[in-house]
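Each chain is listed here by its residues.
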Amino acid sequence: MKKQVDKVNQNPPAPGLDTASGAVGDVFDAIHAIMHLYRSQQFRAFAGGAHELTHMESKVLRFFAREPGATLSDLVAHSGRDKAQLTRLIRGLRDRGLLDASADAADRRSTRLYLSDAGQELHARLHRIGTALSEVGLAGLDEAEREQLHALLQRVRSNLAREADEG
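Here's a quick rundown of the structure. Model, not experiment: these values are computed from the prediction. (Residues numbered from 1 in each chain as written. Predicted model: local features only at pLDDT ≥ 70, side-chain atom pairs only at ≥ 80, totals over all residues. Heavy atoms only, no water.)

## Considerations on the overall build of the protein
This is how it is decided: The way it works is that DSSP assigns letters per residue, a run of H or I at least four long becomes a helix, a run of E at least two long becomes a strand, and they are numbered from the N terminus. A 1.4 Å probe rolled over the protein chains alone gives each residue an accessible area, and that area as a share of the maximum for its type sets the label: buried under 20%, exposed over 50%, partly exposed in between. Residue contacts are defined here by distance: any two heavy atoms, one from each residue, within 4.5 Å place the two residues in contact. Accessible surface area values rest on a Shrake-Rupley calculation with a 1.4 Å probe, where residue burial reflects the displayed protein chains alone.
Counting secondary structure elements, the protein contains 6 helices and 2 strands. Across the protein, helices and strands are ordered from the amino to the carboxyl terminus as α-α-α-α-β-β-α-α. The buried share of the protein, reckoned over its 167 residues, is 22%. By sequence separation, contacts in the protein at least 24 residues apart represent 52% of the contacts at least 6 residues apart. When the accessible surface of the protein is split by element, carbon and sulfur atoms take 53% of a total near 11,900 Å².

Right under this line is the structure:
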């Protein structure tokens, strides 16, 4: 029996676009569709569990896993998101026991944030699921192809970042 596939973000190209030609829009549509599938499968593992997460909550946990002791201001600078939005998000993660906070020793007005034990466990689980999904997605690509794909995507990212900085 064939599994029904989620058709969201898998629409056919607009009339006049030749997908075989590698039209620019198709590249970004493919990237978007890949990330949609990746995220939906990753978060499906948490559905109905004790710690359901939004995409932004997982990004915040990942940031504090990589930058333990960082502040809200550090997160704002890193993400470019609205400070009020991130404040609410952090408050929610703290209320759920996923983030711990302590006053900065040098500046008591500043709060340092860390993953709690529960936050570390959840982040580790997210990482394991992400790694497994990455392997599924990259199946059939040899090491050279994986490196080439990564290098090409990094160039696209750099081009867009440069444009954002100039604009």
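## What to know about the nonpolar core
Operational definition: Buried Ala, Val, Leu, Ile, Met, Phe, Trp, Tyr and Cys residues that are joined via side-chain atoms within 4.5 Å together make up what is termed a nonpolar core.
L53, V60, L61, F64, I90, L93 and L99 are the most contacted members of the largest nonpolar core, which totals 20 residues. Contributing elements (two or more residues each) for this core: α2 (55-66), α3 (72-79), α4 (83-95), β2 (111-115) and α5 (117-137). Take this core: its biggest share by element is 5 residues, from α2. Every residue in contact with L93, bar those within four places of it in the chain, is listed here: L53, E57, V60, L61, L98 and L99.

## Concerning a positive patch on the surface
Convention followed: Patches in this entry comprise residues that are over 30% relatively accessible and not in a salt bridge; like charges within 9 Å are linked, as are nonpolar side chains (Val, Leu, Ile, Met, Phe, Trp, Tyr) within 5 Å. When a carboxyl oxygen of Asp or Glu is within 4 Å of a side-chain nitrogen of Lys or Arg, the pair counts as a salt bridge. Positive charges come from Lys and Arg alone, negative charges from Asp and Glu alone, with His and the N- and C-terminal ends not counted. Note that the charge is assigned to NZ on lysines, CZ on arginines, CG on aspartates and CD on glutamates.
Among the surface-exposed residues, R39, K59, R62, R66 and R81 lie close enough to one another that they form a single positively charged patch. On the secondary structure map, R39 appears in helix α1 (residues 24-44). Using a relative accessible area of 32% as the deciding quantity, one classes R39 as partly exposed.

## Details of a negative patch on the surface
Taken together, D142, E143, E145 and E147 make up a surface patch of like negative charges. Examined against the element boundaries, E145 turns out to sit in helix α6 (residues 143-166). Using a relative accessible area of 34% as the deciding quantity, one classes E145 as partly exposed.

## Brief notes about a nonpolar patch on the surface
Residues V24, V27, F28 and L160 make up a contiguous nonpolar surface patch of roughly 360 Å² in combined accessible area. Among the elements that line the nonpolar patch, the one with the most residues is α1, at 3 residues. Relative to the elements of secondary structure, L160 occurs in helix α6. Residue classification places L160 among the partly exposed residues on the basis of a relative accessible area of 48%.

## Points about the pattern of salt bridges
Any two side chains of opposite charge can pair, on the condition that their charged atoms come close. Under the counting rule described, the total for this entry stands at 4 salt bridges. A salt bridge links R112 to D104; the shortest N-O distance between them is 2.6 Å. For R112, a relative accessible area of 28% gives the class partly exposed. Here R146 ties to E135 by a salt bridge, and the two come within 3.3 Å at their closest N and O atoms. With R146 in helix α6 and E135 in helix α5, this pair connects stretches of sequence that are 11 residues apart. Looking at R146, the relative accessible area reads 21%, which means it is partly exposed.

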